[in-house]
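Observations on the model geometry
Listed here are the chains, written in short residue letters.
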Amino acid sequence: MDGAVEQHGSPTLSAATGSSSSESASPSPSQDDERSVHDVAANIGAHVYVVVANSTQHGHLAAEASRVVCSAYGYSRLGLGDARERIAMGDAGLRANRVLHLAFLRTAGGEPVLVGACSSTRQPPWTPSGCGHWGLLSVAPAARSQGIGSALVAAAERRLCAVDGSHCQIEYELTGGDPFGERLHAWYEGNLGFDGGGPLPRPGRSTFRRCRKRLPTLSAGAREAAQAALHAPPPRPKAKPPP
């Protein structure tokens, strides 16, 4: 799942909304994401990393974050002002409710380039107590098929675990018989382990699916390590061997 959308013709698939406040959660599935999201994140290597944005370190990237999200969705999904506000939410550290995760891809020269974004919320007003949420999953079209979407999802879910979340919720609209929707369903409710409940829609019919899954329970040591990792500096690129 390397971006918000591959097909921009149907906004119901590219930007599903759970409520007036909810985030979209509609990355586009691809063949290289047939593995577990955590396996992908663990093996993605030092060429990509995900951070929780804050205004001190990432405030200057608001315009670029807006551009990446809008290019992924195919329409103006995140304005400059909204991007600035979301980045600033990370200033609260572990106390923050909603944050913006930013994904960077290292170029051959070792310079990081912003290529993706995702929101995570520890306690939205529309979910049960202890049930977090992620959405706004976006990867720049030119950077897809490199596991970046999967790394963003893994980072968002690790954050929810680190702040004692017990479950996670996403939402999307599914149209029966639509190939893109079927791939979306297979990723959300197959690979990622979400349960949408209820029957699938008949061909040509659409249904709104509210999906949840249980998050792993971390030991005290693992939780502290996950919390520290949320605001750790990005990894240094590996030194190139001498010629």
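Please refer to the structure placed before this passage.
For clarity, every value in this text was computed on a predicted model and none was experimentally measured. (Residues numbered from 1 in each chain as written. Predicted model: local features only at pLDDT ≥ 70, side-chain atom pairs only at ≥ 80, totals over all residues. Heavy atoms only, no water.)

With respect to the overall build of the protein chain
- The helix and strand inventory of the protein chain stands at 8 helices and 6 strands.
- The buried share among the 243 residues of the protein chain stands at 49%.
- A separation threshold of at least 6 residues defines the contact pool for the protein chain, and within that pool the share at least 24 residues apart is 71%.
- Just so you have it, the protein chain exposes about 11,000 Å², and 53% of that area is on carbon and sulfur atoms. (Helix = DSSP H or I, 4+ residues; strand = E, 2+ residues; numbered from the N terminus. Buried < 20%, exposed > 50% of the residue type's maximum accessible area, 1.4 Å probe, protein only. Contact = heavy atoms within 4.5 Å. Areas by Shrake-Rupley, 256 points an atom, 1.4 Å probe, with all protein chains shown as cover.)

As for the environment of Leu-137
- Relative to the elements of secondary structure, Leu-137 occurs in strand β4 (residues 131-139).
- You can call Leu-137 buried: its relative accessible area is 0%.
- As a C-alpha pair, Leu-137 and Leu-152 span 15 residues in sequence and 7.5 Å in three-dimensional space.

Section: the side chain of Lys-213
- Mapped onto the secondary structure, Lys-213 falls in strand β6 (residues 206-214).
- A distance of 3.0 Å separates polar atoms of two side chains, one belonging to Lys-213 and the other to Glu-157.
- A distance of 2.6 Å separates the side chain of Lys-213 from the backbone oxygen of Leu-192, its partner in a polar contact.
- Residues within four places of Lys-213 in sequence aside, it is in contact with Glu-157, Ser-166, His-167, Cys-168, Leu-192, Gly-193 and Phe-194. (Polar contact = N/O pair within 3.5 Å; in protein donor to acceptor, adjacent residues only side chain to side chain.)

A closer look at the pattern of salt bridges
- This model, assessed by the stated rule, comprises 5 salt bridges.
- Here Glu-157 and Lys-213 are joined by a salt bridge, their closest N and O atoms 3.0 Å apart. Residue Glu-157 is located in helix α6 (residues 148-162), and its partner Lys-213 is located in strand β6; the two are separated by 56 residues in the primary sequence. One exposure class covers both Glu-157 and Lys-213, and it is buried. (Salt bridge = Lys/Arg side-chain N within 4 Å of Asp/Glu carboxyl O.)

A short note on the packing of α6 against helix α8 (residues 220-230)
- Taken N-terminus to C-terminus, the directions of α6 and α8 make an angle of 125°; their axes are 9 Å apart at the nearest point. In terms of their interaxial angle, α6 and α8 are classed as oblique. Like other packed secondary-structure pairs, α6 and α8 cross with a definite hand, here left-handed. In this structure, α6 contributes Arg-159, Cys-161 and Ala-162 to the contact, and α8 contributes Arg-223, Ala-226, Gln-227 and Leu-230.
- Grouping the amino acids of the contact of α6 with α8 by side-chain chemistry returns 4 nonpolar, 1 polar and 2 charged. (Axes fitted to C-alpha atoms, helices over the stretch in contact; angles between N-to-C directions. Parallel < 35°, antiparallel > 145°, perpendicular 65-115°, else oblique. Left-handed = near helix turned anticlockwise from the far one by under 90°. Nonpolar A, V, L, I, M, F, W, Y, C, P; charged D, E, K, R; others polar.)

Shape is all these values report; function is a separate question.
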